Amino acid sequence: KLNRGKDLIKFGGGFYCGKVDGIYVMNGFYMQMRAAYTNPGEKIQYYSVSWPADSLSWEDFRGEVLGATDPSAAPNNRSAVKFLTTTRTLV
């Protein structure tokens, strides 16, 4: 059995990577998810963030600061909702 934080990491909804006998293994959903970003014309957009990890865990940063993966399901004071609202006004 793999353990989060030791030999298992969750990147996002349904996307995991585990270390088994020295080999990194992606879960079965990976290829389907990968296809959404490798088709011609598709792209990945990313942002680099930092936070005071000594006083705010990743779990709290992810859940309390960023909010739900789906911004429409997050409370209005979460960064994801603010970002969604701001980017919609820029388009």
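Scope of this entry: the structure provided in the associated data block. Positions within a chain are numbered from 1, following the residues in the order the chain's sequence is written. With pLDDT at 70 or above as the cut-off, local features in this predicted model cover only qualifying residues; side-chain atom pairs require 80 or more to be listed or tallied, and sums for whole chains, interfaces and linings still use all residues. Where side-chain values are given, they derive from all heavy atoms of the structure, hydrogens and water being excluded.

## Points about the pairing of strand β3 (residues 23-26)
Operational definition: For two strands to pair, DSSP has to find at least two bridges joining them. Starting at the N terminus, helices and strands are each numbered in turn, a helix being any DSSP run of H or I of at least four residues and a strand any DSSP run of E of at least two.
Bridging between strand β2 (residues 15-20) and β3 involves four bridges; their strand directions are antiparallel. In the strand pairing of β3, Val20 is matched with Ile23. Hairpin connection, β2 to β3: the antiparallel pair is bridged by two residues, and Asp21 has positive phi, about 50°.

## Observations concerning the sheet that holds β2
Heads up, the condition is: Fitted lines through C-alpha atoms give the axes, limited to the stretch in contact for helices. The angle between two N-to-C directions lies from 0 to 180 degrees.
The sheet built from three strands is open, its strands ordered β1-β2-β3 with antiparallel pairing. Both outer strands of the open sheet, β1 (8-12) and β3, are each paired with one neighbouring strand and no more. For this sheet, the mean inter-axis angle between neighbouring strands, taken without regard to orientation, is 20°. With four bridges connecting them, β1 and β2 associate as antiparallel partners. When the sheet's bridge partners are listed, Leu8 is paired in β2 with Gly18.

## Observations regarding the packing of aromatic side chains
We describe a pair of aromatic rings using the distance from one ring centre to the other and the angle between the two ring planes. Spelled out, the test is: For Phe, Tyr and Trp, rings pair up if their centres lie within 6.5 Å, where Trp contributes its six-membered ring, and each pair is then called stacked (planes under 30 degrees apart), edge-to-face (over 60) or tilted (otherwise).
Enumeration according to the criterion identifies three aromatic pairs in this entry. Seen in terms of ring centroids, Trp58 and Phe61 are 5.8 Å apart; in terms of plane orientation they differ by 40°. Their pairing is tilted. With Trp58 and Phe61 both in helix α2 (residues 58-66) and three residues apart, this pair spans about one turn of that helix.

## Some words on the environment of Lys1
Under the convention used in this document: Note on classification: 1.4 Å probe, protein chains only; a residue is buried when its accessible area is under 20% of the maximum for its type, exposed when over 50%, partly exposed between these limits.
Secondary-structure assignment places Lys1 in the segment before β1. Residue classification places Lys1 among the exposed positions, given a relative accessible area of 92%.

None of this, on its own, says anything about what the molecule does.
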